[in-house]
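Survey of secondary and tertiary structure
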Amino acid sequence: MRDIADLPAVNAWNEWDPLREMVVGSAAGAAFEPAEPGNRPQIRGRAGEPFPAGPKPAEAVARAEEELDGLAALLESQGVTVRRPEALDFSRPLRTPHFEVENQYCAVCPRDVMITLGNEIIEATMSRRARYFEYEPYRKLVYEYWEADSRVSWTVAPKPTMADGMYRRDFWEWPLQERHARMHASEFCITQNEIVFDAADMSRMGRDILVQESMTTNRAGIRWLKRTLEPKGFRVHPVHFPLDYFPSHIDCTFVPLRPGLILTNPDRPLRDDELPMFVNDGWKLIEAPEPVLSNDEMPDYCQSSKWLSMNVLSLSPDKVICEEQEKPLQDLLSSLGFEVLTVPFRNVFEYGGSLHCATWDIRRDGVREDYFP
Ligand code: ARG
């Protein structure tokens, strides 16, 4: 192991190496996600009722901010340097040559936008209009890291137009049977003509990078990642979870915890033909227990599923942070030999994410390893 002083300012090759520096999201300035061709937000249990627009109420922001600050404090108590995004007013409308949207979203989930792949920072294209400029709250930090160390590189993926033609508007109304058929062809609300991906559809395992094809990542996006990353020595593997009809972001579905161990979602098994990579190399896939909250009990404005329960954050290969009330998962992780730290985080759920979504790792010890030789 290299001396930590030698670690580049940006260095993270997987999801589990010992964590040194982390960006924790912020709810400051957050707005409700607007309806748009790539997103149909619904109030839980009250489909059809109009979804609120404009800025989130101050109390909702304060409740989420308190929990995000709590996570930051816990990380700091573990010796991790914590950085926060810049607060912007996301309630402003947006107009580009190709679309208009009534307001933007938030900086709660850096994971969705930004990814560290080794010593390189990549800004994703994003897939939704309201998130088009979501790299902005992180730009000051990116410049700082880029200036701090000449070994750090920075890549911005080509922005798609997000024009009407980039989306399949009827996606949201497909009857179940059609959804099932199209699911198997990996066709969702985005078409294949432009490069589209969210960073959170990726999972890092040393040389090997998994990318989920989803509502937020298309095949052109995966081709761009392959052509960008494979010459640098990575291997990019598209992955699919055919029972998830509304897939978006891999970190509530397939969560690598340490070499040889992946936490899986029992409702969303990996496609059969994609299993051999893991099985042949002796990896264990362990199913997450039933979440404490049912889907109906999730917060009203939360567009994510109960599986936010398994959105854990690794501090090292033997230490993880879990949501405070997810006792069954905490017990499972303890039984697997992890030290489990907990933090309350349910007030962050309405912003679409939990502990992994709300963070972006800048620096972890370690180098690129081949876990699938
Ligand atoms: N689509 C996932 C689910 O509902 C939520 C993913 C959240 N992840 C994230 N990085 N925002 O289960």
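Our subject is the structure that appears above.
I will try to describe carefully the structure that is included in this document. All values reported here derive from a predicted model rather than from experimental measurement.

Conventions used here
Residues numbered from 1 in each chain as written. Predicted model: local features only at pLDDT ≥ 70, side-chain atom pairs only at ≥ 80, totals over all residues. Helix = DSSP H or I, 4+ residues; strand = E, 2+ residues; numbered from the N terminus. Rg over C-alpha atoms; globule rule 2.2 N^0.38 Å. Buried ≥ 20, exposed ≤ 12 C-beta atoms within 10 Å, placed from the backbone. Near = placed C-beta within 6 Å. Nonpolar A, V, L, I, M, F, W, Y, C, P; charged D, E, K, R; others polar. Core = buried A, V, L, I, M, F, W, Y, C linked by C-beta atoms within 7 Å. Contact = placed C-beta atoms within 7 Å. Pairing = 2+ DSSP bridges. Arc of directions from axis to C-beta. Axes fitted to C-alpha atoms, helices over the stretch in contact; angles between N-to-C directions. Expected span 1.5 Å × (residues − 1).

Scanning the protein chain for helices and strands turns up six helices and 17 strands. The C-alpha atoms of the protein chain give a radius of gyration of 19 Å, which matches the 21 Å a tight globule of 373 residues would have. Across its three principal axes, the protein chain shows a C-alpha extent of roughly 55 × 45 × 40 Å. Within the protein chain, buried positions represent 45% of all 373 residues.

All right, on to the site of the ligand then. Close to the ligand lie 14 residues, the nearest being Ala 200, His 249, Cys 252, Ser 305 and Cys 357. Its residues assigned to classes, the shell around the ligand comprises five nonpolar, six polar and three charged.

Residues Ala 27, Cys 106, Val 108, Val 320 and Ala 358 are the most contacted members of the largest nonpolar core, which totals 94 residues. Per element, the largest residue contribution to this core is six residues, and it comes from helix α1 (residues 58–77). With residues near it in sequence (within four places) discarded, Cys 106 still touches Ala 27, Ala 30, Ala 31, Phe 90 and Tyr 351.

Where strand β9 (residues 208–212) and strand β10 (residues 235–239) come together, five bridges link them in parallel fashion. Across the sheet, residue Val 211 finds its bridge partner in β10, namely Pro 238.

What follows covers helix α4 (residues 219–229). Residues of α4 that are buried: Gly 221, Ile 222, Leu 225 and Leu 229. Mapping the buried residues of α4 onto a view down its axis gives an arc of 100°, with all of them on the same face. Turning to α4, the residues buried within the fold contact β5 (114–117), β9 and β10.

Summarising the element assignment, Glu 187 is placed in the loop between α3 (176–184) and β8 (202–205). Considered as a pair, Glu 187 and Arg 168 are 19 residues apart in the sequence and their alpha carbons are 9.2 Å apart.

Before going further, it helps to examine the sheet that holds strand β12 (residues 261–264). Taking strand neighbours across the sheet as the criterion, the three strands line up as β11-β12-β13 in an open arrangement whose pairing is mixed. A strand with exactly one partner marks an edge of an open sheet, and here the two such strands are β11 (254–258) and β13 (284–287). When strand polarity is set aside, the average angle formed by the axes of neighbouring strands in this sheet is 30°.

With respect to the helices, strands and loops of the structure, Phe 372 is situated in the segment after β17 (359–364). Given 15 C-beta atoms within 10 Å, Phe 372 falls into the partly exposed group. Residues within four places of Phe 372 in sequence aside, it is in contact with Asp 208, Met 277 and Asp 281.

The next thing to look at is the sheet that holds β9. Across the sheet, which stays open at both edges, the three strands sit in the order β8-β9-β10 with mixed pairing between neighbours. A strand with exactly one partner marks an edge of an open sheet, and here the two such strands are β8 and β10. The mean inter-strand angle of the sheet, taken between neighbouring strand axes irrespective of direction, is 20°. Sheet topology note: the β8/β9 ladder contains four bridges and is antiparallel. Considered in β9, the bridge of Arg 204 is made with Ile 209. Its contacts with the sheet put α4 on β9 and β10, and the angle it makes with β10 is roughly 165°.

The next point concerns α1. The end-to-end C-alpha separation of α1 is 28 Å, in line with the 28 Å expected for 20 residues at 1.5 Å each. Contacts made by the buried residues of α1 are with β1 (19–24), β2 (81–83) and β16 (339–343). Trailing α1 by a residue or two, Gly 79 shows a phi angle of about 85°, which is positive.

So, about unusual backbone geometry. Backbone geometry places Met 126, a non-glycine residue, at a positive phi of 70°. In this structure, Met 126 sits in the loop between β6 (120–123) and α2 (139–148). Note on Met 126: 24 C-beta atoms within 10 Å, which makes it buried.

This part covers the pairing of β16. The pairing of strand β15 (residues 319–323) with β16 spans five bridges and is classified as parallel. The residue bridging Ile 321 from the neighbouring strand is Leu 341, located in β16.

A few words now on the environment of Ser 314. Within the element layout of this structure, Ser 314 appears in strand β14 (residues 313–316). With 24 C-beta atoms counted inside 10 Å, the residue Ser 314 sits in the buried group. Beyond its immediate stretch of four places on either side in the chain, Ser 314 contacts Glu 15, Trp 16, Leu 257 and Val 320.

These figures come from the coordinates and say nothing about function on their own.
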